[in-house]
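# A closer look at the structure
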Amino acid sequence: MKSDGNIALKSVGSVPALGAPKEKAKRLVPSKLRRSGLSLLLGGGVVVLLLAAWELASGIGMVNPKFASSPSRVIASGIAMFKDGEIWRHIFSSGRIFFAGYFLAVAVGVPAGILLGWFAKAQMAFAPIVAAMYTTPRIALMPLFIIWFGLGFGSKVALVFMSAVFPIIVNMQMAMRSVDNDLTKVARAYGANRRQIFVTVALPMSVPFLMTALQLATGRALLGVVGAEVFGGSEGLGYLIQYTGATFQTDKVFVCVVIIAALGMAMDRLLMALNRRFDAWRGID
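The shown structure was predicted, so the numbers you read here are calculated from the model rather than taken from an experiment.

### Structural notes on the overall build of the protein
- From N to C terminus, the protein includes twelve helices and zero strands.
- For the protein, the α and β elements follow one another from N to C terminus as α-α-α-α-α-α-α-α-α-α-α-α.
- Taken across its 285 residues, the protein has 32% of its residues classed as buried.
- When contacts within the protein are restricted to residue pairs at least 6 apart in sequence, those whose partners lie at least 24 apart make up 73%.
- Here the protein has roughly 17,500 Å² of accessible surface; of this, 70% comes from carbon and sulfur atoms.

And the structure:
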């Protein structure tokens, strides 16, 4: 009976251990919230300090407002531009070019990068071309795009596409070449064929590379939009930056820059949220 009692006590004593992971998870949630709050506080504090220093420098004459403007002037100019309504036409034009070129780059770059990374002969055949185009400044190709596609929508989308597609190809190529050999050997030991290894091992392991590729492509695509509109456009945020800069309307230049930066930040946050969904699919907490 004593032994039974001891067993009973041990079993009762072991019950809280079953709930330990849940309690640990509950403790981790406030910790994550505190880190997020601290990050927001520090990041926001630095931005506020820089804006305050900029405003002060402009107010006391350390910088010429005509050339550097000030946060208050930029905010006032932004409000006036949105009230006027003309800026919406430029935002829509730039957004249309950006998303057309960006999604076309994703549709082409992801499968192309996977093929080049998965098949050794394809990689050997096309690696020199990819390396050459990856390092070539795409803005240098804009005169050719204008000759081929005209001054309209097509030439701008072509520049955005060329700016964004090669970072995606290179990253996906590296993803396929970085597959863990140990996992591949284990899959083969269990009788997996090449297609099954690709679907169950290579693709899940390529997700972090894909997210990095999409983030890099976002920045390159935004640069392509501005470059295309500055080079040969009559509307869009890039054109507006070029025009207002040439007429010394620096506050309007900053408004356009802030809008482009906001689009980039929104895309980055969206990709981070998508990455968390993929982490859950890959079994990462």
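### Some thoughts on the environment of Asn-171
- Checked against the element boundaries, Asn-171 lands in helix 8 (residues 153–177).
- Overall, Asn-171 belongs to the buried group, its relative accessible area being 14%.
- The contacts of Asn-171, once residues within four sequence positions are left out, are Phe-209, Thr-212, Ala-213 and Leu-216.

### With respect to the pattern of salt bridges
- A complete count under the given rule lists two salt bridges for this structure.
- A salt bridge links Glu-86 to Arg-89; its shortest N-O distance comes to 2.4 Å. Taken as a pair, Glu-86 and Arg-89 lie in helix 5 (residues 86–118) at a separation of three residues, close to a single helical turn.
- By relative accessible area, which is 37% here, Glu-86 ends up partly exposed.
- When its relative accessible area of 37% is taken as the criterion, Arg-89 is described as partly exposed.
- Between Arg-89 and Glu-235 there is a salt bridge, with its nearest N and O atoms 3.0 Å apart. With Arg-89 in helix 5 and Glu-235 in the loop between helix 10 (194–232) and helix 11 (237–246), this residue pair connects regions lying 146 residues apart in the sequence.
- Residue Glu-235 is classed as partly exposed on the basis of its relative accessible area, which comes to 27%.
- Among the charged side chains, a network of salt bridges with common partners joins Glu-86, Arg-89 and Glu-235.

### Here's the deal with the packing of aromatic side chains
- Within the structure shown, the criterion is met by ten aromatic pairs.
- A ring pair is formed by Phe-98 and Phe-99, whose centres lie 5.0 Å apart and whose planes are at 75 degrees; its orientation type is edge-to-face.
- Since its relative accessible area comes to 0%, Phe-98 is described here as buried.
- Pairing Tyr-102 with Phe-103 gives two aromatic rings, centres 5.7 Å apart and planes at 75 degrees, and the pair type is edge-to-face.
- Given a relative accessible area of 3%, Tyr-102 falls into the buried group.

### Section: the environment of Leu-203
- Tracing the sequence through the fold places Leu-203 in helix 10.
- Exposure remark for Leu-203: the relative accessible area of 28% places this residue in the partly exposed category.
- Separated by 31 residues in the primary sequence, Leu-203 and Met-172 place their C-alpha atoms 10.0 Å from one another.

### Points about unusual backbone geometry
- We note that Phe-248 has phi near 60 degrees; this positive angle belongs to a residue other than glycine.
- Along the polypeptide, Phe-248 turns up in the loop between helix 11 and helix 12 (250–281).

### Quick word on the packing of helix 5 against helix 6 (residues 120–135)
- For the pair helix 5 and helix 6, interaxial distance at closest approach is 6 Å and the crossing angle is 120 degrees. On the basis of the axis angle, helix 5 is oblique to helix 6. For the pair helix 5 and helix 6, contact is made by Leu-115, Leu-116 and Trp-118 and by Ala-120, Ala-122, Gln-123, Phe-126 and Val-130, respectively.
- For the contact of helix 5 with helix 6, a count of residues per class yields seven nonpolar, one polar and no charged.

### A few points about helix 6
- Counted at 1.5 Å a residue, the expected span for helix 6 with its 16 residues is 22 Å, and the 22 Å between its end C-alpha atoms agrees.
- Largest kink in helix 6: about 50 degrees, centred on Phe-126, with the proline Pro-128 one to four residues after it.

### Section: a nonpolar patch on the surface
- Where nonpolar side chains cluster on the molecular surface, the patch consists of Leu-144, Ile-147, Trp-148 and Phe-149 and spans about 480 Å² of accessible area.
- Mapping Leu-144 onto the fold places it in helix 7 (residues 142–149).

Rules and cut-offs
Residues numbered from 1 in each chain as written. Predicted model: local features only at pLDDT ≥ 70, side-chain atom pairs only at ≥ 80, totals over all residues. Heavy atoms only, no water. Helix = DSSP H or I, 4+ residues; strand = E, 2+ residues; numbered from the N terminus. Buried < 20%, exposed > 50% of the residue type's maximum accessible area, 1.4 Å probe, protein only. Contact = heavy atoms within 4.5 Å. Areas by Shrake-Rupley, 256 points an atom, 1.4 Å probe, with all protein chains shown as cover. Salt bridge = Lys/Arg side-chain N within 4 Å of Asp/Glu carboxyl O. Phe/Tyr/Trp six-rings, centres within 6.5 Å; stacked < 30°, edge-to-face > 60°. Axes fitted to C-alpha atoms, helices over the stretch in contact; angles between N-to-C directions. Parallel < 35°, antiparallel > 145°, perpendicular 65-115°, else oblique. Nonpolar A, V, L, I, M, F, W, Y, C, P; charged D, E, K, R; others polar. Expected span 1.5 Å × (residues − 1). Bend = angle between axes of the 7 residues up to and from the residue. Patch = residues over 30% accessible without salt bridge, like charges linked within 9 Å, V, L, I, M, F, W, Y side chains within 5 Å.

Purely geometric stuff here, so don't read any function into it on its own.
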